[in-house]
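Summary of the model geometry
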Amino acid sequence: MFALSTKPPSPLKFRDLRPQITRPNATQAGDEIQFQPSLPTLTSGNFHTERGLEFEIGDSFFRHESFTGRDLGVLAAALYRKERHRLRVVDAMCGCGVRSLRYLAESGADFVLANDANDECRRTVMSNLSQIPRFSGGKRRWAVTHFDANRVLTELYLQSDFFDFIDLDSFGSDSSFLRSAFNALKLDGLVYVTSTDGYSSGGHRPNKSLASYGAYIQPMPFSNEVGLRMLIGGAVREAVVPGYRVTPLFSYYSYHGPVFRVLLRVSRGRVPDTRHYGFITYCYKCGNSQIFSWDELGEINCPCSNGSSSLVVSGPLWTGPLHDAAYLTDMLNLAKEWGWIDNDYAGLDLEKLLNQMIDESNPKLPPGFIKVCEVASRGKVNSPSLISMINGLRKEGYAVSRTHIAFNAIKTNCPMTECVRIAKNIQGC
């Protein structure tokens, strides 16, 4: 199918920093893989080390800060293999190939197709992946190609060569890869999608978000959560055309970039499900946000005022849960099993992130979050501590959690007026 160069990669000497892998018979499906504890990305000269794997980046674009997103992808892929006893991965925009390397070495992928449109990074990708035997048991473990991602995915679909896990680490708000990825995926497979367009999620380019994701986005205080919901909503729109249904398993935001990453499970669902695909409003006057379905479009308003000058509407986008709590719990348990959750900074950070995502999965929590400083400003009081605010809300019977998306902010089903009242009580006002 793909014309691969027979020219061997330039020989590089790698220190043996790979995870210690115990695989009695690497050709049998379902083999267990054991890893020793290791650190996140470290840099030494021309080489980087991430979770014990050494690699070089060459001239490719690489963000050290994205290691958490790579950790999450590796854990998800490993869970898939553990459940299905197989794992074939397409890394459609592989860059230097570090994700492909980790899917092979850590997730135990049976095969990884590492593709990047930039053929100038070929030597780097080949050198990094050469740490893993190219063939095992007479079967190819990995291949490297350099084509447009849509071409690769479309050719896989046309040849009925379906994959289990597709990683789309795209730049900006390019959503053109979504439908071809869905078509190249096995049913109930996983797609790991990306957006780095903070301007659109912030409501600064509504026509751009409309073109890319089918959502007209306006400025809201919780714009980074809107970015995740915009990305999921765009996937929902693309999936329904060929008859698929997508479900987010986790949604991750990181401030660097910014980067929005969402893991989606894709299944059959010919009848469109619009329960969680609607509109979100925010009122700058009272501080409350609401969800409106398609049937309620003519009824959009805010109870605080008969006018609409203070009310902004964004959508359509995803209004349902951002995460699957049970799935995240499995990811956390696997991270503990691998020794990734320990007393170093990276281990504590990953554990904190996964636990916060689990808390965010409470179905009682609506879209959006509230910054404690905004509550204090509206109540004209000193800002209470985050923990005291959470305890106060729970005492009154409201659902509440921290959010991994913003510092000093909470997700809650408590109206802003009640949040202000509780903050005043905490401060003795």
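Notes on the structure follow. Bear in mind the structure is a predicted one, so any value in this text is a computation, not a measurement.

**Some points on the overall build of the protein chain**
Each helix and strand in the protein chain was counted, giving 13 helices and 18 strands. Across the 429 residues that make up the protein chain, the buried fraction comes to 56%. Put simply, of all contacts in the protein chain between residues at least 6 apart along the chain, 69% involve residues at least 24 apart. Surface summary for the protein chain: the accessible area is close to 18,800 Å², and the carbon and sulfur share equals 50%.

**Digging into the sheet that holds strand β14 (residues 289-292)**
Here we have three strands laid out as an open sheet, ordered β14-β13-β15, and antiparallel in their pairing. Across the chains shown, the open sheet's two edge strands, defined by having one partner strand only, are β14 and β15 (311-318). Neighbour to neighbour, the strand axes of the sheet diverge by 25° on average, direction disregarded. Pairing analysis gives four bridges linking strand β13 (residues 277-283) to β14, with the strands arranged antiparallel. Across the sheet, Ile280 pairs through a bridge with Ile291, a residue of β14. On top of the sheet, helix α8 (residues 223-240) reaches β13 and β15; it is set at about 45° to β15, its chief contact.

**Some words on the packing of aromatic side chains**
Across all of its chains, the model carries 11 aromatic pairs by this definition. Aromatic pair Phe222 and Phe369: ring centres 6.2 Å apart, planes at 65°, arrangement edge-to-face. Remark: Phe369 occurs in the loop between α10 (345-360) and β16 (370-371) and Phe222 occurs in the loop between α7 (206-213) and α8; sequence separation between them is 147 residues. We classify Phe222 as buried; its relative accessible area is 2%. Taking the relative accessible area as the measure of exposure, Phe369 reaches 8% and is therefore buried. Seen in terms of ring centroids, Tyr253 and Phe260 are 5.4 Å apart; in terms of plane orientation they differ by 45°. Their pairing is tilted. You'll find Tyr253 and Phe260 in the same group, each marked buried. Taken together, Phe222, Tyr282, Tyr284 and Phe369 form an aromatic cluster joined through their ring pairs. One residue, Arg51, lies across the ring of Trp340, its end atom 4.3 Å from the ring centre. The ring of Tyr192 carries the charged tip of Arg261 above its face, separated from the ring centre by 3.7 Å.

**What about the packing of helix α11 (residues 372-379) against helix α13 (residues 416-426)?**
Orientation of α11 relative to α13, taken along the N-to-C sense of each, is 80°, at an axis distance of 9 Å. As far as their axial angle goes, α13 and α11 are roughly perpendicular. In this structure, α11 contributes Glu374, Val375, Arg378 and Gly379 to the contact, and α13 contributes Met416, Cys419, Val420, Ala423 and Lys424. Of the residues in the contact of α11 with α13, the class split is five nonpolar, one polar and three charged.

**Some points on the environment of Pro221**
Within the element layout of this structure, Pro221 appears in the loop between α7 and α8. Filtering out sequence-adjacent residues up to four positions away, Pro221 remains in contact with Tyr282, Tyr284, Phe369 and Lys371.

**Comments concerning the side chain of Arg141**
Within the element layout of this structure, Arg141 appears in the loop between β7 (139-140) and β8 (142-145). Despite being buried, Arg141 has no salt bridge partner; Asp110 is the closest side chain of opposite charge, sitting 6.1 Å away. For Arg141, the side chain forms a polar contact with the main-chain oxygen of Ala109, separated by 2.8 Å.

**Here we look at the sheet that holds β16**
With antiparallel pairing, three strands are arranged side by side in an open sheet as β16-β18-β17. With one partner strand each, in any of the chains shown, β16 and β17 (400-402) form the two edges of the open sheet. In this sheet, strand β18 (residues 409-412) lies alongside β17 in antiparallel orientation, the contact comprising three bridges. Bridged to Arg402 within β18 is Ile410.

**Examining the pairing of strand β2 (residues 47-50)**
Across four bridges, β2 lies against strand β3 (residues 53-56) in antiparallel orientation. For His48, the partnering residue across the bridge sits in β3 and is Phe55. Linking β2 back to β3 in an antiparallel pair, the connection comprises two residues, with Arg51 at a positive phi of about 50°.

Reading the values: rules and limits
- Residues numbered from 1 in each chain as written.
- Predicted model: local features only at pLDDT ≥ 70, side-chain atom pairs only at ≥ 80, totals over all residues.
- Heavy atoms only, no water.
- Helix = DSSP H or I, 4+ residues; strand = E, 2+ residues; numbered from the N terminus.
- Buried < 20%, exposed > 50% of the residue type's maximum accessible area, 1.4 Å probe, protein only.
- Contact = heavy atoms within 4.5 Å.
- Areas by Shrake-Rupley, 256 points an atom, 1.4 Å probe, with all protein chains shown as cover.
- Pairing = 2+ DSSP bridges.
- Axes fitted to C-alpha atoms, helices over the stretch in contact; angles between N-to-C directions.
- Phe/Tyr/Trp six-rings, centres within 6.5 Å; stacked < 30°, edge-to-face > 60°.
- Lys NZ or Arg CZ within 6 Å of the ring centre and 35° of its normal.
- Parallel < 35°, antiparallel > 145°, perpendicular 65-115°, else oblique.
- Nonpolar A, V, L, I, M, F, W, Y, C, P; charged D, E, K, R; others polar.
- Lys, Arg positive; Asp, Glu negative; His and termini not counted.
- Salt bridge = Lys/Arg side-chain N within 4 Å of Asp/Glu carboxyl O.
- Polar contact = N/O pair within 3.5 Å; in protein donor to acceptor, adjacent residues only side chain to side chain.

These figures come from the coordinates and say nothing about function on their own.
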